[in-house]
Structure formats: structure tokens, C-alpha cells
Amino acid sequence: ASASHIHFHDLLADSHTATSSLLEDALQGLSEPPRTLPPKHFYDQRGSELFDRICEQPEYYPTRTEESILEQALPTIAKHLGQETTLIELGSGASRKIRLLLNALRPQRYVGIDISRDFLIDSTEQLAADHPWLDVHALCADFTTPLTLPAQLANSERPVAFFPGSSIGNFAPDEASVMLGHLRNMLPVGGGLLIGVDMIKSPAILEAAYNDAAGVTAEFNRNLICRLRDELGAEIDPADFDHRAFYNSDVCRIEMHLVSRRDQRFMLGETPIALQQGESIHTEDSWKYSDASFEEMAGQAGFAPVESWHDPEGLFGVYYFTR
Ligand code: AVI
């Protein structure tokens, strides 16, 4: 496929100014307790492949559950969206879900938004090649910040933002609601938001999903240590860290940590870092919602609920809102 298939819009002058670097974030997060590493650094090439494998693990129900909810709800979703829709995907589309929607809804236009330019171009070119009838746009931008759609896109019939996978759950509720507010402001009146959300449920089911028996989530978590070693030259060994994931029911989130198996010291650039045995690095939160708590957060951001769909066990929810 060639770039001529897609309309490319660049809102990031330089992706490196928009996103902080691994070294900056590692220095910031590891210098003193409580130690943290931001989850966005999971997703290099290897981490993205590990995440795809997580989605196939029997314990990790969100991906397949959301897909089956979408499949069943497609006729109703089509009715809400109507014809002449512009479907805007937040985090552009390697997944099967967007193809499911494109083929069933036949929107006029697709806009993929992603901060990673190379990934965005690859995925939108592939979508354009596979859907010759579709007007495909790629918007290189950080959708966690305030965004203005290029005029050509903003004026289209009914823009609907698609944010699947409970990716909203990796933002703390205060950040998530600010981000939903930005999205709402990006959309014209009548625009929509179709969003997947992981629901509060028994801790046993949640904890199994983040502690798969094959150990793929543990590898995904330890990939952060691999990156510090391979990209920053830190003399650390992923095998010196235990993967720990548990449900914190006080605040309704899964927490992921890397726990140091021994006292250790290593350099990050010029800065020495010391970790004690048993000390943990907090690497990710995955927040879970009830219907009420999610609709309240979206409501505060200016979105009105239209309809929502769940699997029979209530593991996962897909919500459609309009502004
Ligand atoms: C991408 N995100 C919604 C996943 C989640 O479930 O929070 C990331 C993940 N972390 C561990 N497993 C999956």
C-alpha cells in the first residue's frame, strides 16, 4: 500500500517534544520512594506484541468480551450512528474491533488518531488497502491533550469517537474525566463517543486476568526492566523483579508492581538508584467502573448516555454517549 491511500494530518511538530522520554520518566519515577514507571513505556515493539498475546490468554476476558458485545450490538449501534458517519479511532487500529465496525457500519470516513507516527501510517495504510470504499485519514496527535479536528473533518456529518479496550481505565479518574472533557470539546454537537469499559467484579476474576498462568502479563510488566537495560544501559536483570498484580478494592483498580527480589544498585545515566529487597515499582493502574460511576464521570465531562451494552455476566461494558 502507498501513502496516497490516506490523508495525513500532522498535529505534532515533533513527537519527542510531545511525549517525555524513557530516561526522563525513569529518573523522575525511580529516584525516590514511592517508585513508579509510567505505563505508556510498556508499548515498544516487544511490549506491543506481548500485549497482543495477553489479549489471547484465557484469563484475560476484556478483549474477547468486548468483541462479542460489539458483534451483538452492531445493528443497534448502526441505528444510532446512522449513515454518513465519520468514525474516529483513538489509538489507531491494529485490532480486529475497528474492522468489525467498519465492515458492519460502512461509515463514510475513518480517522485514526495516534501519537506514534510510524505505527499510525502503517495501520491506516493497511485499513485503506483493505477498505477501498473508505475515506481514510490519519491524524498524528496526542488525544490526551485538547485537540481541534482539521476543518474538513470537524464539519463532517456525525463524528463518532471510538475508544475501545478499556484504555480509559489506565488513566486515574481525575485524568480520565479531563480527557473525556477534551474529547467532548473536539466533537461538534450531535457527535458521539463509543467507549469500552471494564466493570467492577469479583477480585478473583480480576486478579486472574492480570496474573495469567502462562506468565505473559509478568513478561509484559518486566519488559520495562528490559527497556531500562537495553536502551539506557542500566545494569539490571529482569529476573531480579517479581511481577505483582492485585485488586485494590478501596479504589476499584488493579495495581501492577515490579518487586525487587534483592537489594540492588544501578545507574540511570549519571544517577545511582538503590532498591531494597521487597521494594516495589508501581507500573500501572487499571481502573474498574460500575454503570453508575462511569456514566457519572462521562456526564461531568458533558456526555449524555444514549445506550449501553454488556455481556450476560456483566464483565465488560460498551457505552454510547452523545454531546
Ligand atoms: C491497555 N489496558 C486497557 C490494559 C489493561 O487491562 O489495563 C493493559 C494491561 N495491563 C496488563 N494487562 C493488560
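Residues numbered from 1 in each chain as written. Predicted model: local features only at pLDDT ≥ 70, side-chain atom pairs only at ≥ 80, totals over all residues. Heavy atoms only, no water.

Identification of the protein as L-histidine N(Alpha)-methyltransferase from Kushneria phosphatilytica is taken from an unreviewed UniProt entry.

Draft legend 1. Focus on the sheet that holds strand 3 (residues 85–90). The strand order 1-5-4-3-6-7-14-13 describes an open sheet built from eight strands, whose pairing is mixed. Of all strands in the sheet, those with a lone pairing partner are strand 1 (6–10) and strand 13 (304–310), marking the two edges. Pairs of neighbouring strands in the sheet enclose a mean axial angle of 20°, with direction left out of account. This element, helix 5 (residues 96–105), spans strand 3, strand 4 (109–114), strand 6 (158–163) and strand 7 (192–198) of the sheet and lies at about 175° to strand 3. (Pairing = 2+ DSSP bridges. Helix = DSSP H or I, 4+ residues; strand = E, 2+ residues; numbered from the N terminus. Axes fitted to C-alpha atoms, helices over the stretch in contact; angles between N-to-C directions. Contact = heavy atoms within 4.5 Å.)

Draft legend 2. Geometry of the site of the ligand. Neighbouring the ligand are 13 residues, the closest being Tyr60, Asn170, Tyr210, Glu284 and Ser286. Interatomic distance of 2.5 Å between a side-chain N/O atom of Tyr60 and an oxygen atom of the ligand. Ser286 is positioned such that a nitrogen or oxygen atom in its side chain is 2.6 Å from an oxygen atom of the ligand. Here the ligand, which alone exposes 340 Å², has 96% of that area covered by the protein. Sorting the residues of the shell around the ligand by element identifies helix 3 (45–54), helix 10 (216–232) and strand 12 (280–287) as the ones contributing at least two each. Looking at side-chain class alone, the shell around the ligand contains seven nonpolar, five polar and one charged residues. (Near = heavy atom within 4 Å. Polar contact = N/O pair within 3.5 Å; in protein donor to acceptor, adjacent residues only side chain to side chain. Areas by Shrake-Rupley, 256 points an atom, 1.4 Å probe, with all protein chains shown as cover. Nonpolar A, V, L, I, M, F, W, Y, C, P; charged D, E, K, R; others polar.)

Draft legend 3. Molecular detail of the pairing of strand 8 (residues 241–248). As judged from the eight bridges shared by strand 8 and strand 9 (residues 253–260), these two strands associate in the antiparallel manner. Counterpart to Arg244 in the pairing with strand 9 is His257. Connecting the antiparallel pair strand 8 and strand 9 is a turn made up of four residues, with Cys252 showing a positive phi of about 60°.

Draft legend 4. Focus on helix 11 (residues 291–300). Among the residues of helix 11, Phe294, Met297 and Ala298 are the ones counted as buried. All buried residues of helix 11 fall inside an arc of 95° around its axis, so they share one side. Along helix 11, exposed side chains directed more than 90 degrees from the buried face belong to Ala292, Glu296 and Gln300. Residues of helix 11 that are buried sit in contact with helix 8 (173–186), strand 7 and strand 14 (316–322). (Buried < 20%, exposed > 50% of the residue type's maximum accessible area, 1.4 Å probe, protein only. Arc of directions from axis to C-beta.)

Draft legend 5. Local environment of helix 2 (residues 22–30). Taken residue by residue, helix 2 has Leu22, Asp25, Ala26, Gly29 and Leu30 as its buried positions. Taken end-on, helix 2 shows its buried residues confined to a sector of 105°, consistent with a single buried face. Each element contacted by the buried residues of helix 2 is listed here: strand 2 (35–36), helix 10, strand 10 (264–268), strand 11 (271–275) and strand 12.

Draft legend 6. Representation of the environment of Phe220. Here Phe220 lies in helix 10. The exposure class assigned to Phe220 is buried, which follows from its relative accessible area of 3%. Separated by 14 residues in sequence, Phe220 and Leu206 place their C-alpha atoms 17 Å apart. In contact with Phe220, not counting residues within four places along its chain, are Phe42, Tyr43, Gly47, Leu50, Phe51, Ile54 and Met256.

Draft legend 7. Looking closely at the pattern of salt bridges. Using the criterion set out here, one finds 18 salt bridges in the structure. Residue Glu219 pairs with Arg46 through a salt bridge whose shortest N-O separation is 3.1 Å. With Glu219 in helix 10 and Arg46 in helix 3, this pair connects stretches of sequence that are 173 residues apart. Given the relative accessible area of 31%, Glu219 is considered partly exposed. The salt bridge involving Glu231 is made with Arg227; its shortest N-O contact spans 2.9 Å. One end of the pair is Glu231 and the other is Arg227, both in helix 10 and four residues apart, which spans about a single turn. By relative accessible area, which is 45% here, Glu231 ends up partly exposed. Through salt bridges with shared partners, one network takes in Asp44, Arg227 and Glu231. (Salt bridge = Lys/Arg side-chain N within 4 Å of Asp/Glu carboxyl O.)

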